[in-house]
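Here is how the chains run, residue by residue.
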Amino acid sequence: MKILVVNGPNLNMLGTRDMTIYGLKTLAEINELLEQHGRRMNVEVATFQSNSEGALVDFIQQQSPSADGIIINPGALTHYGYSLCDALVDTKLPIIEVHLSNIYKREEWRAKSVISPIVKGQIGGLGWRGYVAALRTLVGELLGEDWE
């Protein structure tokens, strides 16, 4: 089983970006945690980050044929990434949207997601743990079982 973990703009700055909102872990640390959890579940975790919507679309189009599901933190593209949304829809894969912060407790413009209508679920406000929860949930659902 292969799960894609896709991260959008500015997530490469984790660990230095406003840590009161985004936490202390770097994206590399979060990716390593996901890879560790994936190994325990016998799942390949393929991670990718870009500040460019086109690069995210290219990655999804290239990798989705060999994937079983997607975890995405679209960053600022959450609010206006229509080509990203279309690329996700075209995969026909189960998708979980993740946000480190609770986008509904922040500025009003952050509460609108063009991605959420096409995903299985959205996890927000749990920091890096949201990624792990998304991975465990997605894999469990794909296997038809619960992970404890």
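In this text the structure is predicted, and so the values were computed from the model without any measurement.

Undergrad: Please set out the packing of aromatic side chains residue by residue, giving values where relevant.
TA: Applying the stated criterion across every chain yields a total of one aromatic pair. Ring centres of F48 and F59 lie 4.5 Å apart, and the angle between their planes is 5 degrees; this geometry places the pair in the stacked category. Remark: F59 occurs in helix α3 (residues 53-63) and F48 occurs in strand β2 (residues 44-49); sequence separation between them is 11 residues. By relative accessible area, which is 11% here, F59 ends up buried. Above the ring of W128, the side-chain terminus of K25 is found at 5.0 Å from the ring centroid.

Undergrad: Explain the sheet that holds strand β3 (residues 69-73) to me, and be specific about the residues and the numbers.
TA: Pairing within the open sheet is parallel, and its five strands lie in the order β2-β1-β3-β4-β5. Because the sheet does not close on itself, it has two edges, and the strands there are β2 and β5 (121-124). For this sheet, the mean inter-axis angle between neighbouring strands, taken without regard to orientation, is 20 degrees. Here six bridges tie strand β1 (residues 2-7) to β2, and the two strands are oriented parallel to one another. If you follow N7 over to β2, its bridge partner there is Q49. Strand contacts of helix α2 (residues 27-40): β1 and β2, with the helix running at about 165 degrees to β2, the strand carrying the most contacts. Against the sheet, helix α5 (residues 129-143) touches β1, β2, β3, β4 (95-99) and β5, its axis set at about 160 degrees to β3.

Undergrad: Give a description of the side chain of S50 that names residues and reports values.
TA: Turning to its location among the elements, S50 is positioned in the loop between β2 and α3. Here S52 takes part through its backbone nitrogen, which lies 2.9 Å from a polar atom of the side chain of S50. Residue contacts for S50: discarding those within four places in its chain leaves N7, G8, P9, A55 and L56.

Undergrad: So, the packing of α3 against helix α4 (residues 82-91): which residues are in play, and what are the values?
TA: Contact geometry of α3 with α4 gives a least axis separation of 9 Å together with a crossing angle of 5 degrees. Between α3 and α4, the interaxial angle falls into the category roughly parallel. On α4, the residues touching E53, L56, V57 and I60 of α3 are Y82, S83, L84, A87, L88 and T91. A breakdown of the residues in the contact of α3 with α4 according to their chemical character gives seven nonpolar, two polar and one charged.

About the criteria used
Residues numbered from 1 in each chain as written. Predicted model: local features only at pLDDT ≥ 70, side-chain atom pairs only at ≥ 80, totals over all residues. Heavy atoms only, no water. Phe/Tyr/Trp six-rings, centres within 6.5 Å; stacked < 30°, edge-to-face > 60°. Helix = DSSP H or I, 4+ residues; strand = E, 2+ residues; numbered from the N terminus. Buried < 20%, exposed > 50% of the residue type's maximum accessible area, 1.4 Å probe, protein only. Lys NZ or Arg CZ within 6 Å of the ring centre and 35° of its normal. Pairing = 2+ DSSP bridges. Axes fitted to C-alpha atoms, helices over the stretch in contact; angles between N-to-C directions. Contact = heavy atoms within 4.5 Å. Polar contact = N/O pair within 3.5 Å; in protein donor to acceptor, adjacent residues only side chain to side chain. Parallel < 35°, antiparallel > 145°, perpendicular 65-115°, else oblique. Nonpolar A, V, L, I, M, F, W, Y, C, P; charged D, E, K, R; others polar.

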